[in-house]
Amino acid sequence: HTKVWNINIAEPAWQKQLAEAAERLAAGKQIAFPTETVYGLGADATNDAAVQGIFSAKGRPADNPLIVHIFDIQQVEQLAQQVSELAIKLMDAFWPGPLTIVLPVKQGVLSSYVTAGLDTVGIRMPDHPIALELMRQARVPVAAPSANTSGRPSPTLAAHVYEDLQGKISGIVDGGATGVGLESTVVELVDQQLIRVLRPGAVTLEQLQACCPEAVVTMESELESKQAPRSPGMKYTHYAPQGKLAIVKGEPQAVAHYIEQQLARFAATDRCGVLRFDEHERHYQQAALVLSLGSIHQLEQAAARLYQALRQFDEQQIQYIWSEASEAAGIGAALMNRLLKAAGHTVIEV
Ligand code: TXA
Ligand code: MG
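Cut-off values and rules
Residues numbered from 1 in each chain as written. Chains lettered and ligands numbered in written order. Predicted model: local features only at pLDDT ≥ 70, side-chain atom pairs only at ≥ 80, totals over all residues. Heavy atoms only, no water. UniProt positions renumbered as here; feature names shortened; annotations may be inferred. Helix = DSSP H or I, 4+ residues; strand = E, 2+ residues; numbered from the N terminus. Rg over C-alpha atoms; globule rule 2.2 N^0.38 Å. Buried < 20%, exposed > 50% of the residue type's maximum accessible area, 1.4 Å probe, protein only. Contact = heavy atoms within 4.5 Å. Areas by Shrake-Rupley, 256 points an atom, 1.4 Å probe, with all protein chains shown as cover. Lys, Arg positive; Asp, Glu negative; His and termini not counted. Charge placed at Lys NZ, Arg CZ, Asp CG, Glu CD. Axes fitted to C-alpha atoms, helices over the stretch in contact; angles between N-to-C directions. Parallel < 35°, antiparallel > 145°, perpendicular 65-115°, else oblique. Left-handed = near helix turned anticlockwise from the far one by under 90°. Nonpolar A, V, L, I, M, F, W, Y, C, P; charged D, E, K, R; others polar. Pairing = 2+ DSSP bridges.

- Going by an unreviewed UniProt entry, the protein carries the name Threonylcarbamoyl-AMP synthase and comes from Paenibacillus montaniterrae.
- Its UniProt record gives the protein the following Sequence similarities (unreviewed entry) comment, quoted word for word: "Belongs to the SUA5 family."

**Re the overall build of the protein**
- Of the regular secondary structure elements, the protein holds 12 helices and 16 strands.
- Expected size for 350 residues packed as a compact globule is a radius of gyration near 20 Å; at 20 Å, the protein falls within 12% of this value.
- The C-alpha extent of the protein, read off along each of the three principal axes, is 60 × 50 × 40 Å.
- Counting only residues that meet the buried cut, the protein has 55% of its 350 residues in that class.
- In the protein, 67% of the contacts between residues at least 6 apart in sequence involve partners at least 24 apart.
- Summed over all atoms, the accessible surface of the protein reaches about 15100 Å², with 49% contributed by carbon and sulfur.
- In the protein, 28 side chains carry a positive charge and 37 a negative one; their mean positions are 5 Å apart.

**Here's the deal with the environment of L339**
- Residue placement: L339 occurs in helix α12 (residues 331-342).
- For the pair formed by L339 and L310, sequence separation is 29 residues and the distance between their alpha carbons is 9.4 Å.

**Overview of the packing of helix α11 (residues 299-315) against α12**
- As a packed pair, α11 and α12 sit with axes 9 Å apart at the nearest point and diverge in direction by 20°. Considering the angle they form, α11 stands roughly parallel to α12. The way α11 lies across α12 gives a crossing that is left-handed. Contacts from L299, E300, A302, A303, L306, Y307 and L310 in α11 reach I331, G332, L335, R338, L339 and A342 in α12.
- The class makeup of the residues in the contact of α11 with α12 is 10 nonpolar, one polar and two charged.

**Overview of the sheet that holds strand β14 (residues 289-292)**
- With parallel pairing, the five strands of this open sheet are ordered in space as β14-β13-β15-β12-β16. Edge positions in the sheet fall to β14 and β16 (347-349), since each of these pairs with one other strand and no more. With strand direction ignored, the average angle separating the axes of adjacent strands in the sheet is 20°.
- Where helix α10 (residues 252-266) meets the sheet, it contacts β12 (244-249), β13 (272-276), β15 (320-324) and β16, and its direction lies at approximately 170° from that of β15.
- The strands touched by α11 within the sheet are β12, β13, β14 and β15, with β14 carrying the most contacts at an inclination of about 170°.

What follows is the structure, given as structure tokens:
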């Protein structure tokens, strides 16, 4: 039985309603909670059995390390060593927030299941009042991957967590929809001079560069990461919808024309879906399910909608999905990164 707590931070004394979830977390149970990116599945990062429980509930491969979440910047000293000035600069600029910083791990504090045998640990302080308060009350560092079954889209609503993990975890703190909708930016620091982005997210390359003009900011290439991934999570096939997803790129009119042609061919016999931006509202009437990511000029909104849309195509048993593409600048880099993974890198240039 998985207990659900509904928390509304507009209500007085909402903090008290977190007491039971915090007690369970401190006692080694697995509790899902909202962050500003996606829902996380948390457990005491210092407790082996608690951390193992995360891997088994999610069906996650044991060699994929977990991010450790903290509620106070002072906790970094207990978890990591050789914290460089560059790291401190990033923490000051972006915490609490959607940035995970990979640092050399301090031995003997965290469960070794958290780091999956690496000598580094990814740490972040989430920017969500419920996540912070829950951890403050539990008084432990919290290992938390996204609260989905491995291989499914990350959850942006408590209902998604329930769908995937009910009966497998102790509880879910329902704090409504998450904000960003895509997982945090993960960075690794090299020699005070290089910030390597292992996973793009809401903290953009542009923001990292503006914060640290003295450092070089690079994006780990997909190719490189396939050969020798610096972030073990990169080598796993990510979420792919049950239907075949293709991204169609080109001039907007050519894209619309191509997708309409495909619908004319397939829609009579197969369940077809389209993922589009609002600017093309008039198109795609033959599709069984057309979902919008909002305006192409508001990619924050598109990011927040992506995972829910992917879940909906599966619910409606859509067999072929065509998606429009956005720019890959700013948050668009993270959006296109996740969309490309979902499509298994199938891109049609028109
Ligand atoms: O926004 C987020 O980051 C969410 C919320 C819950 O905080 N969490 C999340 O966790 O997305 P997860 O486990 O789904 O993704 C963690 C990613 C994986 O790609 C993993 O390989 C990488 O971070 N990672 C974790 N520790 C690492 C380390 N020491 N070195 C390199 N990559 C690491
Ligand atoms: Mg995940």
